[in-house]
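Topology and contacts: notes
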Amino acid sequence: MRALLVSLLLLFPAAAAGETPARAPGDWRDTLERAARAVVVLRISVPRAFDTEKAVYATATGFVVDAQRGLILTNRHVVEPGPAVAEAVFLNHEEVDVWAVYRDPVHDFGFYRYDPEQVKFMEPVELQLAPERARVGTEIRVLGNDSGEKLSILAGTLARLDRDAPRYGKGQYNDFNTFYYQAASSTSGGSSGSPVIDREGWVVALNAGGRRRSAASFYLPLDRVVRALDLIRAGEHVSRGTLQAVLRHRSYDELRRLGLRTETETAVRREVPAATGMLIVDEIVPGGPAAGKLEVGDVVVRVEGRLATAFIPIEAVLDERVGEEIGFLVERGGQPVEVAVRVQDLHSITPDAYLELGGAVVHQLSYQMARGHGVPMRGIYVASAGYMFSRAGVPSGVVITEVDGQPVASLDEFSRLFERFPADSRVTVRYFHLKDPRTERVAVVRVDRRWFPMRHCVRADPSGRWPCQAAADPPPAPAPRPAATTFPREDERPARVLAASLVMVQFDVPFRVEGVHGDRFLGAGLVLDAERGLVLVDRDTAPIALGDVRLTFAAAVEIPGEVFYLHPEHNMAVIRYDPALLGDTPVRSAELRATPLEAGDAVWLVGLGRRHDIVAQKTSVARVEAAVLPLGEAPRFRESNMELVVLNDATPTVGGVLADGKGRVLALWASFSTPDEDPPSSFFAGIPAARVLDMVTPLREGRAVGWRSLGAELRPITVAEARARGLPEHAARRFEARGAGRRRVLSVARLAAGFPSSELLEEGDLLLSVNGEVVISFAQVERAAQAERVELVVLRDGAELALSVPTLTLDGRGLDRCLLWAGAALHAPHHALAAQRGIEREGVYVSWFWYGSPANRARLGGTRRILAVDGQPTPDLDAFLAAVAGRPDGDAVRLRTADLEGKVSVVSLELDQQFWPTVELRRGERGWLRVAH
């Protein structure tokens, strides 16, 4: 806003100096100087998707039309059809809260209100609306927040007053049943809601949209705006009527082709000489008041006996006659037809409530959506699929017609149905896509009441708030019933042996923490212990601990599971399930053999396809090579220090194993995510069984896996490269003799912060020996590191150094606490941050934020760490919770943050406790719990 003030001083330098400059005739400066004091920047946070709008934070423009009452006029798509949290910034950079008092259901205008007493340091002026002053050729100026530039003044000349309303596309907000004005003023994002003024300072139109590929801008006429403003000033309801029909203006030549009679055209031209055409019925919403009475293509001649060649006279009748029948005279194929149509309350078919459940937002199907897609106004619209519906494959933007076999006509019915379902129960929903309304689809939704609350929110005018009422607790879930199945008999022996050891694993992520790169993961698991219910998967199937796990055996029985162990450094995880839930299903523990694989070895690839079918292929090993993966923008799990088995030919699977001819497992066929690609991709390779056994053996024996780490990422280099870096000849010969076919030396590539190795080792060190032995494999180093201390000899700058390096134990539980605060997901810095970026695990890590939240508005982006709150250090989650405890709604919080490069910045954030309350997720003995603070 300081830029706005400076721009005005540049525009009016003499006025800023206290002088009175001479004004040339027709000078715009006085007009602009006064009008600028009425224009405000609007900052809008939309916390929930609703109707045509998505959750977002945006800026736009408005202007004061009643300073005494604090009324600001702007666009409907700025006021928002759903909940919004907004503030207005005046010319002097004074901020005040504003709340919506009216948004038109169809036309692109609405009003915010502010408390005039809150404006302390300036006296806002109000602009007067004068729709009658709009004329073709009128020179205009558009004052607004164009492209975020605070104050821009764009010039233009009104070229058309009878343009069709702009069409922004299906599924978007679209105005209709009105003319628009057009000028070449090149307005763009942020200028929505700007006043369009003439030379005398009268507002002749409201800026609404434009074309990206041309200079054309589109303005809304103000006739219906003036009516609404007068009623709001009087404290009266703004009545709005509808026929659920869309009218379009068409010229006489086109009307003749539609059957307009010559005598009718003659009469209209005589009575309204300025008219260039008439209105036709262009669209009719099925099931609406006009359906079966009016027809598409009808030419509207008279309404209630009066000639109707424009939109405003018809709208005036509709708005004043809500609930009554009105008469139409139309010409249909050249024949006059009289019909009577009952006017419907437009507000009654405009949603003013929504339901939150399972992270989704649903509400009644709106008139905007029904009209845009030509469907009846029935069913529940999924504005945001959230966690619960997306898990079931139900996307946003669909209409649910049945729940559990019962039709749903209202949001209350929908809410009552879901309140009666126990958590985690399965419910069948029937729905259709608005783009394909004739095809119904069926999905099985698993009810979520654990990760997200269920509550019903209703708009409360004129306060502009959306108070919410929490749903009753769900009924207790019945105890799961065991189910048994058998495994299909396979032809090939390896597949026949392993069929009873392979299981499909689905992992769903409700909150993106630890840099996780997706919401849904699918992979094959290998049963390690059928008696204890332990299944091995890769970490591209179970990337984190926070989520829901489902296991499917033999494509027939699905049971729940939980993440039992996450290898802190390698692409392996263990899922646990209750074997009792499988009854007498003949699940078999797989046999692992630590036989090393080399290039040319014959193996069997046995895995699962996406349709749960067993896939078996005889193939061979192409090579065994070190995993060298790039870093991603957001630190997350990434494989390192591992030799991977690459095949010559591999059939597509979602995972599996590499086995010998007897079905004994030689390697886990695992998916590896590539962190630096967008969207993320993955590749498959084998993890040798010997490395798997290092983790599995303690688990099979019922012992905790205390994985110790050196905290160093190693890379192999050739002996020749090591010679170039100073490797002595005698040492080179030892590596050549030790390496046989792998003549290489391990080099330190990266060191993890917080490990003793980061103080003792340096990047570029060559590893000559570990505990007195020459080593060339990652496995040798890691097995030696399972002791509390390892003795290393390294080559640094041509000199050999003997180092005694302590190791640290890494936890395999993964994340067990997460805080949802101000629309951001916070947790303790995870291991990837220290291992990949060398950042100490201090502070509170921002893993994710939601659009339309305070975190979004404050640009508190992911990968940052919060180091202090209002000057109070926050080294961990408990310190952070103590620092923000008891803060009221709307309170400003000052955060000291650091990015991945260590750059420190300060973020100011305003709390929103209604839409973004503080919630903690904790993992305990019974799984994850949601705790409100």
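Residues numbered from 1 in each chain as written. Predicted model: local features only at pLDDT ≥ 70, side-chain atom pairs only at ≥ 80, totals over all residues. Heavy atoms only, no water.

**Section: the overall build of the chain**
What the chain contains, in helices and strands, is 20 helices and 58 strands. Projected onto its principal axes, the C-alpha positions of the chain cover 105 × 75 × 50 Å. The proportion of buried residues among the 933 residues of the chain is 55%. The contacts in the chain between residues at least 6 apart in sequence include a share of 65% that link residues at least 24 apart. Per element, the accessible surface of the chain, about 38600 Å² overall, is 48% carbon and sulfur. Computing the positive centroid from 111 side-chain charges and the negative centroid from 121, the chain places the two 3 Å apart. (Helix = DSSP H or I, 4+ residues; strand = E, 2+ residues; numbered from the N terminus. Buried < 20%, exposed > 50% of the residue type's maximum accessible area, 1.4 Å probe, protein only. Contact = heavy atoms within 4.5 Å. Areas by Shrake-Rupley, 256 points an atom, 1.4 Å probe, with all protein chains shown as cover. Lys, Arg positive; Asp, Glu negative; His and termini not counted. Charge placed at Lys NZ, Arg CZ, Asp CG, Glu CD.)

**Let's talk about the pattern of salt bridges**
Per the counting criterion, the structure on display carries 74 salt bridges. Salt-bridge contacts for Asp319 lead to Arg224; the nearest nitrogen and oxygen are separated by 2.6 Å. Residue Asp319 is located in helix 8 (residues 311–320), and its partner Arg224 is located in helix 5 (residues 223–233); the two are separated by 95 residues in the primary sequence. The partner of Arg321 in a salt bridge is Glu324, with the nearest N and O atoms 2.5 Å apart. On the accessibility criterion, Glu324 (37% relative accessible area) is partly exposed. One salt-bridge network, in which partners are shared between bridges, spans Asp104, Arg224, Arg227, Arg240, Glu315, Asp319 and Glu320. (Salt bridge = Lys/Arg side-chain N within 4 Å of Asp/Glu carboxyl O.)

**Re the environment of Leu42**
Mapped onto the elements of the fold, Leu42 is located in strand 1 (residues 39–46). Along the sequence, Leu42 and Gly397 sit 355 residues apart, while their C-alpha atoms lie 28 Å from each other.

**Side note on the state of the cysteines**
In the structure shown here, the tally under the stated rule is 1 disulfide. Paired by a disulfide, Cys457 and Cys468 hold their sulfur atoms 2.0 Å apart. Here Cys457 and Cys468 share a disulfide; its torsion about the S-S bond, 105 degrees, makes the bridge right-handed. Remark: Cys468 occurs in strand 30 (residues 468–470) and Cys457 occurs in strand 29 (residues 455–458); sequence separation between them is 11 residues. (Disulfide = S-S within 2.5 Å.)

**A few points about helix 20 (residues 877–884)**
Of all 8 residues making up helix 20, 6 are buried, and the element is well covered by its neighbours. Of all the residues in helix 20, the buried ones are Leu877, Ala879, Phe880, Leu881, Ala883 and Val884. Of the surrounding elements, those touching the buried residues of helix 20 are strand 50 (817–821), strand 51 (824–827), strand 52 (844–849), strand 53 (865–869), strand 54 (872–873) and strand 57 (919–924). Looking at where helix 20 begins, the residue whose side-chain oxygen comes 3.3 Å from the main-chain nitrogen of Asp878 is Asp876. Directly beyond the C-terminal end of helix 20, a positive phi value near 75 degrees is found at Gly886. (Polar contact = N/O pair within 3.5 Å; in protein donor to acceptor, adjacent residues only side chain to side chain.)

**Re the nonpolar core**
Core analysis: the largest hydrophobic core is formed by 55 residues, its most contacted members being Phe63, Leu73, Val98, Phe109, Phe111, Tyr112 and Leu129. Excluding residues that lie within four positions of it along the chain, Leu129 makes contacts with Phe63, Val65, Leu73, Val203, Leu222, Val225, Val226 and Leu229. (Core = buried A, V, L, I, M, F, W, Y, C linked by side-chain atoms within 4.5 Å.)

**Some thoughts on helix 7 (residues 262–271)**
Buried residues of helix 7: Thr264, Glu265 and Val268, and no others. For helix 7, the buried positions fall inside an angular range of 95 degrees around the axis, keeping them on one side. Those residues of helix 7 that are exposed and aimed more than 90 degrees away from the buried face are Thr262 and Arg270. Each element contacted by the buried residues of helix 7 is listed here: helix 6 (252–257), strand 16 (277–284), strand 17 (299–303), strand 18 (306–307) and strand 19 (325–332). (Arc of directions from axis to C-beta.)

**A closer look at the packing of aromatic side chains**
Here the structure, examined in full by the defined rule, presents 21 aromatic pairs. Seen from their ring centres, Phe109 and Phe111 are 6.1 Å apart, and the 80 degrees between their planes marks the pair as edge-to-face. Seen from their ring centres, Tyr387 and Phe452 are 6.1 Å apart, and the 40 degrees between their planes marks the pair as tilted. Residue Tyr387 is found in helix 10 (residues 386–391), and its partner Phe452 is found in the loop between strand 28 (436–446) and strand 29; the two are separated by 65 residues along the sequence. In terms of burial, Tyr387 and Phe452 fall into one category: buried. Taken together, Tyr387, Trp451, Phe452, Phe511, Trp850 and Trp928 form an aromatic cluster joined through their ring pairs. Its guanidinium or amino end placed over the ring of Trp28, Arg141 lies 4.2 Å from that ring's centre, counting from NZ or CZ. The ring of Phe778 carries the charged tip of Arg744 above its face, separated from the ring centre by 5.9 Å. (Phe/Tyr/Trp six-rings, centres within 6.5 Å; stacked < 30°, edge-to-face > 60°. Lys NZ or Arg CZ within 6 Å of the ring centre and 35° of its normal.)

**Examining the sheet that holds strand 13 (residues 216–220)**
Ordered by their spatial adjacency, 7 strands build an open sheet running 8-7-11-12-13-10-9, and the pairing between neighbours is antiparallel. Since the sheet does not close on itself, it has two edges, and those belong to strand 8 (152–157) and strand 9 (160–164), each with one partner. Neighbour to neighbour, the strand axes of the sheet diverge by 40 degrees on average, direction disregarded. Inspection of the sheet shows strand 10 (residues 179–184) paired to strand 13 by 4 bridges, in the antiparallel sense. In the strand pairing of strand 13, Ala184 is matched with Ala216. (Pairing = 2+ DSSP bridges. Axes fitted to C-alpha atoms, helices over the stretch in contact; angles between N-to-C directions.)

**A closer look at empty space enclosed by the protein**
In the structure shown here, the tally under the stated rule is 8 cavities of 30 Å³ or more. One number sums up the size of the largest cavity: a volume of about 150 Å³. Around the largest cavity, the lining is made up of 16 residues, and of these Asn177, Leu243, Ala245, Glu315 and Leu318 lie nearest the centre. Within the residue set of the lining of the largest cavity, elements represented by two or more residues are strand 14 (241–242), strand 15 (245–251) and helix 8. (1 Å grid on protein atoms, 1.4 Å probe; cavity = no way out; pocket = protein on both sides within 12 Å on 5 of 7 lines; lining within 4 Å. Points joined across faces, edges and corners; volume = space filled by probe spheres on them.)

**A few points about the packing of helix 5 against helix 8**
Direction vectors running N to C along helix 5 and helix 8 enclose 25 degrees, while the axes themselves pass 11 Å from each other. Viewed along their axes, helix 5 and helix 8 adopt a mutual orientation that is roughly parallel. The handedness of the crossing between helix 5 and helix 8 comes out as right-handed. Mapping the contact onto sequence places Asp223, Arg224 and Arg227 in helix 5 and Ile312, Glu315, Ala316, Asp319 and Glu320 in helix 8. Classifying every residue of the contact of helix 5 with helix 8 gives 2 nonpolar, no polar and 6 charged. (Parallel < 35°, antiparallel > 145°, perpendicular 65-115°, else oblique. Left-handed = near helix turned anticlockwise from the far one by under 90°. Nonpolar A, V, L, I, M, F, W, Y, C, P; charged D, E, K, R; others polar.)

From the geometry alone we can't say anything about function, so treat these as descriptive.
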